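Structural characterization, general
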Amino acid sequence: MFFQQKEGGKMADSDRDPAFALSADFMNFSPRDAASRWLAAPDLQVEVYRHLATYVPRILCQGPHGGSGSREEQREELACQLMLLAPLEWLLLGEEPAAGLALLQENNLSSPLCGHVFKVGEPTYSCRECAADPTCVLCMQCFLVSVHRHHRYRMTTSGGGGFCDCGDTEAWKTGPYCQKHTPADRSREAEEDPVSLLPPDMVARSYSIFSIILKYAVDLLTWDQEDQLPAGLEPPERGDTYYCMLFNDEVHTYEQVIYTLQKAVNCSQKEAVSFATTVDRDGRKSVRFGDRQFCEQAKSIIVRNTSRQSKPLRVQVMHSSVVAHQCFALKALSWLGQIIQYSDGLKRILCQVGLQKGPEGENSSLVDRLMLNDSKMWKGARNIYHQLLMNSLLMDLKFKKIFAIQFAKNYERLQSDYIRDDHDREFSITDLSVQVFTVPSLARMLMVEENLMMTIIRTFVDQLRHRDPQGRFQFDRYTAQQAFKFGRVQSLIGDLKYVLISPPPEWSDQLRLKFLDGFDAFLDLLRCMQGMDPVVRQVGQHIEMEPEWEAAFTLQMKLTHIISMIQEWCCTDERVLIEAYKKCLSALSQCHAGLSDGEQPISLSLAGHCVDTFRYQVSQEKVSIHLPVCRLLAGLHVLLSRTEVASRFPEQLPLGELSPHLLIELPLRCLVLCAQVHAGMWRRNGFSLINQIYYYHNVKCRVEMFDKDVVMLQVGASMMDPNHFLMIVLSRFELFHIFSSVDIRKRYREANKDLAQQNTLIEEMLHLIIMVVGERYLPGVGQVEPLDEVRREILHQLSIRPMAHSELVKALPENGNKETGLERVIDSVALFKKPGVTGRGLYELRPEWSKHFNLYFHHYSRADQSKAEEAQRKLRRQNAEDTGERSQTPLRASPGHHGNLCASPALPPPLPPPLCPLFGSLVNLLQCDVLLAVEGAVLQWAVEPSGGGWTESMLQRVLHLVGMALLEEQQQLENSSGDDDVSFRYSSKIARPGDAPSTSGSVLALLESLQNAPHLEVHKDMITWILKMVGNIKTARERTSSSGSVNVNQSRGPEETLRDKDKAERKRKAEMARLRREKIMAQMSEMQKHFINENKELFQQSMEDLEASTSTAEHSVSGAHGGLLSCSPPSSEVTCASQVCVGPRRMGGAERRQLVTCILCQEEQEVRGLGRAMVLAAFIQRSTVLSKNRSRGFPDPEHHDPLFMHPDLSVGTHTASCGHIMHAACWQRYFEAVTQKEQRRQQRLRGHTSYDVENGEFLCPLCECLSNTVIPLLPHTPSPDHSVEHPSLEAWLSRTSQQVAVLISAHRKLSPGAAQEAEPVVPEGFRVDFVPQNPFSSSVSEMINTFCMSAYKVGLKVNPNEQDPRVPVLSWSTCAYTMQSIERLLMDEKKPLFGSLPCRQDDCLSSLTRFSSACWTSASLRTVHSHFIRLLAVLVPNSQVEDTPCILNMDMFHLLVYSVLSYSSVHSLDQSGRSSVDSAHLHLLHLITVAHLVQILLTFTTDEVCMDQDGEESEEEALTLQLYLSLREHLGSALPEVSSGWQLWRCVKAGILPFLRTAALFFHYLNSSAPPADLLGTGAGQWEALCSYLSLPSNLLLLYQSQRTLLEPLIHRWCCDPGVGQVLQGGGVLVRFPRESNRLINLPEDYSVLINQASSFTCPRSGGDKSRAPTLCLVCGCMLCSQSYCCQTEVDGEDVGACTAHTFTCGAGVGLFLRVRESQVLFVAGKTKGCFYPPPYLDDYGETDQGLKRGNPLHLCSERYRKIERLWRQHGIAEVIGHAQEANQTLVAIDWQHL
């Protein structure tokens, strides 16, 4: 405690003192005098240092928080500017700073470089057509006025730190300047040195000032003593004041830091959070201020607490003067950055000062010192000096070059520092490599002068020191630290990629030399990878430890683009290519040198051929998937062919030295390994091997792995005898003995091998041969263009199924520029189909391309292949049926018992492109003896199908190979000039019987015998196609005249007849099918009649019901109702045919019985008031969807009086239902079961479900819709009693007023201490003490009570309390609010008022209204009476009732519902039998309608410019004007003057329509009266129909006119209420009618506008810091800082994030947000529920881009946005979240409240 007191005392002391002293100095200080004093001094540095030594510690870092209060900060800023920076500005400019800087800026030539530095999250644009590489980006301002706006571009959000490349000619192939930065014709001036434009004395001064200030800043930022200062800066008086400084690291989490700080400096959680946020943002923060010992104590606690798992947090106790100077050093650097923006001359001077070599020689310039100390500085310091480097050195091309050379010189050291540093790359100086190395001219210069390529690769290889005895990388046993380091080292590969990203347009000898040096280093790297992670097949038992495989593949993936780029560089220069090829070959020879030791030679012979090789079995020896040297050689070999170097300079190439056997050895092993894994021979090697094989084929790696292995086999095969090649392949596949044995059939008796495995291997081997011969779509192997390859990939992807753009992009390999070439070819291959409101746009293959489909496409996985095969067969079958003919063979019904295996259409191989000369001999594989022997063997097995010795896919592959050979022969025939020069004679070879002793007959003979084999029905088409091709080729050869070209479809004769037969057959079948259908239909109709006859009474009843209901809806009112017309009020002009829903003439619906079925027990029951209760599952929630005033806070629930709803509807309660009905008892049992299950679940696992049982939530048992209460079903209202006369309004009012007076006096008597008053007159038959009997059974009453409580609990957010008088009000309220919200929806969607609601909403409204009319029965009568008394007092002011709101502060529809529903309780006491409820309802409606008319006229404005109506003024207009003028008499000038009644009537009619519509809905459901036909449509006559349905005159003003004497005094009293005047003069919320529907905010059409807004949004709590997850509220447009500690607030005692907190003020707990950086819509309901929803922004391909990963430009899709809006307005958000969480359990686990 002693320290604390001491600290407190001292603090107060020191705090008061300097501040006081400083203010005196502040008043007397003159920057100008200081500057002139310095100028006169002999040594400027000493003077400036002395000034800083005196003032810096006094101004900065005073007191405990280092100036974190905003007042403190402002004081520091001001003092700093005035006393420290202003003298420097005076000195520099020699005049008043503002004027001097303006002058500088005026004389400065505007730079063509934009150089805008990106903030975190700011949008950046890269043109995909013109950018030199993907790192070339524009800021939004430049992009919008550049040519690239109309090109294909990619939009991303910046991680912060880069800058705009506008104006950099090397960054863009075309259009380097936007309109703002296009240079004027100043090419001559641009060569001038900008320094020469400045006055010479200023140049001298700026040199000295810049060097002093920059040196000062560099000294302090690289200063490592905690107690001392550099010479010349010691403070005049030194106190014992220290800071305990906490530094950021990337190891400890927020939670650890917060917890530690709370213990160490005993601060609150909130303060600790703020400390942690600042440390994370700025890199350091003082957490304690005081004397040394006091700070050391905190330091030791922090170190002790954080050193358990990892290295401790870095803490330093620093003297306050050191901290102050370091703070000023940062301010000084920022100041330099600002000053040089005014003038390029000053910028260049600063560059010279920064890069000037110091006395120490190498690496002594100030910039070098900063770079080399980078990893020792804290985050904030790094950010500021990196920013300065960007603004100065990188903006001046001359100095950018010098800086680049220094950067490259120190490259190795900087990278080593970075790898040891724990800060992320974006805070490291090494991150500047992207600014330097991506400039092609700089990169090449550095490659030549600093040997950069070699330096990068060597640094990389040196960092990975773990090797096995053969010198290969070993990632096996990586510690966590090595893994971290490996992650860091990968950034070097990124740098190498920048250097190589654009190949040089022309080569110099120096560049060739240095590139080949780099190539050598790269080969060393690849040699370390060749053969890494070797695997050996596990036999016997499963592998124990899964070996590490990911690191090697990560490395391979990262290097994929580098390897491709190096090949591109080689491709652009022949000399380089030849040298690189030689180097690669010798590297491969060295790798091979370590291989063949001890492998014994063997000789193989088959089909009359012999070959020498050595024994090697993949299934027994070591084998590795990593062969990068081999694969690089394959790539270079293809380039030799593609650039034709091989044919032009054969003498320079070592092609003779190549041993083809060795070339194919390693890739072949790798492919055999894959085949054996497929065959299941490596199961015991676990998942790591399966994963490696998966990635080997995966699109990310295959270009430099699998594809190159196939190429290498092609290279080998093209140089070898094809028979030898195939024998080696058979040998490596371990299949040689099968095909070489004398009797092939003996194979079935060989039981030692697993037959299925062998079969798979044979299939894989045949597939490999298909690939080696057929894969020619690589430029250099086949004569194709690069785009043909992409086209073929797309074609085969779309052959599986139609795909979205993003799926296609994922399926294609990217090049180093992230391009796939997709857009350039997609439109020629596919058609685009736009998406609807859901789903995404799809590409479908154009039909003419399907002939290019190849079933054995080498990039298909097995699953893809079978899907594609199925899709293509289906397609061809359809085409054949559509055209009525088959393209190649007729489709016949198959004979015998194989009828169901309908013959599949053939999928013959497509025509292959011609091979390049270097690979020309590949085709001979197809006609060599060994392959013929293999084909013969497989066909032979298929002829005699016994045992499991062969498979259909084996046969299919053989047929495919035969087809390929025939196509090859046909093509050669077509392209040849005569028969002699066709060397390819496959057709004649397959006609010869085989040489092998066992082959019975030729391949052709075998095919012919297979053609009609019943067990091969599926392949019949293919065999027929082959035989036809053989026939065609034979005819072509026999034709000696080779003039005409040969066509496949020349033999038409037999095919025609077949086709006719086929047509006849199809016709016959169709006729049969038709007859069968007719027969079945006849049977069904017979059964139907039979059923109806048996169950007559059922159908009779339903038919009657149907007729009855239609007659009531369509015909006029029957006579009984007609008799009532006599007592209608004189004003109404109602025709006899009208239907009415309110008043004594209303139509009843009580005769209809209601039968419903319980979804739980399936029992049917009639709804009766005294029967068993039936309920409807419902969901009740608070809502602000209709709110016209979101700023009004939610009222205090304990004291809020909900009886009067303000017309701004700021918050209401909405009820929705899924429409499913249950017995109350069934529901209670179900809910209890759910509760118990939930309790058990909570004991087992923490966490939420999608519903919260404690709040009464459950899922509807049938549709799983979220519900939290049930609405009881009640019977229809009884028909009106026609025996009672209908009193006039005046009579009714006087009687009701008497009743009210009686009730008031009765209530007063009951309350204690009431004074004696005169007894009021009791109207006849009215008994105050009467207790009406409850019309409901106990179970129904209980359910009424249940729903009342739910409405009360949700509406007020309080605990249930049945005694609270507000309970019935909330039930009425939810009824009124739900009606209003549904009426708004119908209105806005232009749907008819009746008949268009889905039945779940219809049922909900009907049950809700009937429930509300009955809920008074469950409350005490006195409560409901007092409510009615207060409600009536609004309309008929009553001196005995206090605090009634004025007419402008009351929503009239709520008033109508409340007064109609509460009147029943008063009426129940009237035993006279002379009054009817219906007439009271009608009078209340009339009164409230008049009140609403007055309300609308009072809020009328003359804003709208309106034409005066021509012609006569109608009656309505005259009466409206008359009423308005009488209102003006009462209120005077508060109302504007109006001369025309036309405008008023128009305004009244529009304003009152929503009220009339909701009233019609309300009385329709209350009294179950059918609506008139006019209201079931949206045609003309709506107004009249509506008025007559409500028994109102269509000229509403007649209501006022006819009862004028009665209403005038009432209107007078309404207007004289002081509240009215107040509101009209702006003293409250004035709502105008009709209220406009709320919409979600307008979103910009282009998404980047939003990103831009979000990037400039700063977190409101953490002073100017960029928000990491800016989130836009779609309801009110507010931008929030989501998902961060800084903006958490407390709601109901729990910390919640900004979005959750916002939902409680803006949406009553429901929120819709757009997460701008993720392009995601977020729905939140309450604290524990939320889900993500697809955003309304789509790219041109109709897809959303959640997470902005693809970067295609996004535009607003208004249909999707309307869909989200509709969900919100229908109150469906909670339901969507419930369904989403049920469907996806991971959503439940997210902490939604922290967003």
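Residues numbered from 1 in each chain as written. Predicted model: local features only at pLDDT ≥ 70, side-chain atom pairs only at ≥ 80, totals over all residues. Heavy atoms only, no water.

1. A word on the overall build of the chain
Helix and strand counts for the chain stand at 63 helices and 25 strands. For the chain, restricting intrachain contacts to residue pairs at least 6 apart in sequence, the fraction spanning at least 24 positions comes to 76%. Of the roughly 77400 Å² that the chain leaves accessible, carbon and sulfur atoms contribute 52%. (Helix = DSSP H or I, 4+ residues; strand = E, 2+ residues; numbered from the N terminus. Contact = heavy atoms within 4.5 Å. Areas by Shrake-Rupley, 256 points an atom, 1.4 Å probe, with all protein chains shown as cover.)

2. Focus: unusual backbone geometry
In most cases, non-glycine residues show a negative phi, while peptide bonds are predominantly trans. Cis geometry is found at the peptide bond from F1633 to P1634, where omega equals -5°. Within the secondary structure layout, P1634 lies in the loop between α58 (1618–1624) and α59 (1647–1655). Of note, L1209 is a non-glycine position whose phi angle comes to about 45°, a positive value. Relative to the assigned elements, L1209 resides in the loop between β12 (1174–1183) and β13 (1212–1223).

3. Observations regarding the packing of aromatic side chains
Applying the stated criterion across every chain, the model contains 41 aromatic pairs. On the numbers, 4.9 Å between centres and 45° between planes, the contact of Y243 with F289 is tilted. Taken together, the residues Y243 in strand β3 (residues 242–247) and F289 in strand β4 (residues 284–290) connect sequence positions 46 residues apart. A relative accessible area of 1% places Y243 in the buried class. Ring centres 6.5 Å apart and planes at 70° place the aromatic pair F407 and Y411 in the edge-to-face group. Overall, the relative accessible area of 1% leaves Y411 in the buried class. Here the basic side chain of R669 rests over the ring of Y616, its NZ or CZ set 3.5 Å away from the ring centre. (Phe/Tyr/Trp six-rings, centres within 6.5 Å; stacked < 30°, edge-to-face > 60°. Buried < 20%, exposed > 50% of the residue type's maximum accessible area, 1.4 Å probe, protein only. Lys NZ or Arg CZ within 6 Å of the ring centre and 35° of its normal.)

4. Some thoughts on the sheet that holds β13
Pairing within the open sheet is antiparallel, and its 3 strands lie in the order β13-β12-β16. With partners counted over all chains shown, the strands left at the sheet margins are β13 and β16 (1269–1272), one partner each. Strand-to-strand twist of the sheet, defined as the mean angle between neighbouring strand axes without regard to direction, takes the value 40°. With 4 bridges joining them, β12 and β16 adopt antiparallel strand pairing. For A1178, the partnering residue across the bridge sits in β16 and is T1269. Against the sheet, helix α47 (residues 1338–1356) contacts β12, β13 and β16, and its axis sits at roughly 135° relative to β16. (Pairing = 2+ DSSP bridges. Axes fitted to C-alpha atoms, helices over the stretch in contact; angles between N-to-C directions.)

5. Some words on helix α60 (residues 1698–1706)
Burial analysis of α60 places 8 of its 9 residues in the buried class, the great majority of the element. Tucked into the core, α60 has its buried residues touching β17 (1670–1673), β18 (1679–1681), β19 (1689–1691), β20 (1694–1696), β21 (1710–1715) and β22 (1720–1725). At the C-terminal side of α60, A1708 shows a positive phi close to 55°.

6. Concerning a nonpolar patch on the surface
Judged by side-chain polarity, I1080, M1081 and M1084 come together as a nonpolar surface patch covering roughly 310 Å² of accessible area. Tracing the chain through its elements places M1081 in helix α42 (residues 1053–1094). For M1081, a relative accessible area of 52% translates into the label exposed. (Patch = residues over 30% accessible without salt bridge, like charges linked within 9 Å, V, L, I, M, F, W, Y side chains within 5 Å. Salt bridge = Lys/Arg side-chain N within 4 Å of Asp/Glu carboxyl O.)

7. Brief notes about the pairing of strand β6 (residues 601–606)
On β6, burial follows the alternation: I602, L604 and L606 on one face are buried, whereas P601, S603 and S605 on the facing-out side are not. As defined by bridge partners, β6 adjoins strand β7 (residues 609–614) across 6 bridges and the pair is classed as antiparallel. Bridge pairing links S603 to D612 in β7. Connecting β6 to the next strand, β7, in antiparallel fashion are 2 residues, including A607 with a positive phi near 50°.

8. Concerning the environment of D573
Mapped onto the fold, D573 is located in the loop between α23 (550–571) and α24 (574–593). A relative accessible area of 10% means that D573 is categorised as buried. Separated by 69 residues in the primary sequence, D573 and P504 place their C-alpha atoms 9.3 Å from one another. The residues touching D573, leaving out its near neighbours within four places in the chain, are W507 and R512.

9. Here we look at the pairing of strand β5 (residues 315–319)
Within β5, 5 of the 5 residues are buried, which leaves the element mostly enclosed by the surrounding structure. Side-chain alternation along β5 places V315, V317 and H319 on one buried face and Q316 and M318 on a second face that is also buried. Two strands pair when backbone bridges link them, and β3 and β5 are joined in this way by 5 bridges, in the antiparallel orientation. Residue pairing across strands places Y243 opposite M318, the latter belonging to β5.

10. Some words on the environment of E548
Topologically, E548 is positioned in the loop between α22 (509–529) and α23. Under the relative-accessibility criterion, E548 is labelled partly exposed at 31%. Taking the C-alpha atoms as reference points, E548 and F475, 73 residues apart in sequence, are found 6.9 Å from one another. If we ignore the near neighbours within four places in the chain, the residues touching E548 are F475, D476 and D533. At a separation of 2.9 Å, a polar atom in the side chain of E548 contacts the main-chain amide nitrogen of E550. Separated by 2.8 Å, the side chain of E548 and the backbone nitrogen of A551 make a polar contact. (Polar contact = N/O pair within 3.5 Å; in protein donor to acceptor, adjacent residues only side chain to side chain.)

11. Looking at the pattern of salt bridges
The final tally for this structure, using the stated rule, is 61 salt bridges. Linking E823 and R152 is a salt bridge whose minimum nitrogen-to-oxygen distance equals 3.2 Å. Of this pair, E823 sits in helix α35 (residues 822–829) while R152 sits in the loop between α6 (140–144) and β2 (153–157), placing them 671 residues apart in sequence. Taking relative accessible area as the criterion, E823 reaches 13% and is therefore assigned buried. With a shortest N-O distance of 3.4 Å, D201 and R205 are connected by a salt bridge. Taken together, the positions of D201 and R205, both in helix α8 (residues 200–221) and 4 residues apart, correspond to about one turn of that helix. Shared partners join several salt bridges into a network, and the residues in it are R128, E129, R152 and E823.

12. Comments concerning the sheet that holds β21
Strands sit in the order β18-β17-β21-β22-β23 across an open sheet of 5 strands; the sheet is antiparallel. Each edge of the open sheet carries a strand with a single partner, namely β18 and β23 (1729–1733). If you compare each strand with its neighbour and ignore which way they point, the axes differ by 30° on average. Here β17 runs beside β18; their pairing, made up of 3 bridges, is antiparallel. Across the sheet, L1672 pairs through a bridge with M1679, a residue of β18.

13. Side note on the confidence of the model for the chain
Here the chain averages 82 in pLDDT, while 88% of its residues score no lower than 70. Taken together, the stretch residues 1040–1057 has pLDDT below 50 and engages in 21 contacts with residues farther than four places along the chain or on a different chain. (pLDDT = per-residue confidence, 0-100.)

14. A closer look at the side chain of T613
Turning to its location among the elements, T613 is positioned in strand β7. Within polar-contact distance, the side chain of T613 engages the side chain of R732 at 3.3 Å. When near neighbours in sequence (up to four residues on either side) are disregarded, T613 contacts Q600, P601, I602, L604 and R732.

15. A few points about the packing of helix α51 (residues 1452–1467) against helix α54 (residues 1541–1567)
Two numbers describe how α51 lies on α54: the axes approach to 10 Å, and their chain directions differ by 25°. Classified by the angle between their axes, α51 and α54 sit roughly parallel to one another. Considering the relative orientation of α51 and α54, their crossing is right-handed. Where α51 approaches α54, its residues M1452, F1453, L1456, V1457, V1460 and L1461 are matched on the opposing element by F1555, T1558, A1559, F1562, F1563 and L1566. Residues of the contact of α51 with α54, tallied by class, amount to 11 nonpolar, 1 polar and no charged. (Parallel < 35°, antiparallel > 145°, perpendicular 65-115°, else oblique. Left-handed = near helix turned anticlockwise from the far one by under 90°. Nonpolar A, V, L, I, M, F, W, Y, C, P; charged D, E, K, R; others polar.)

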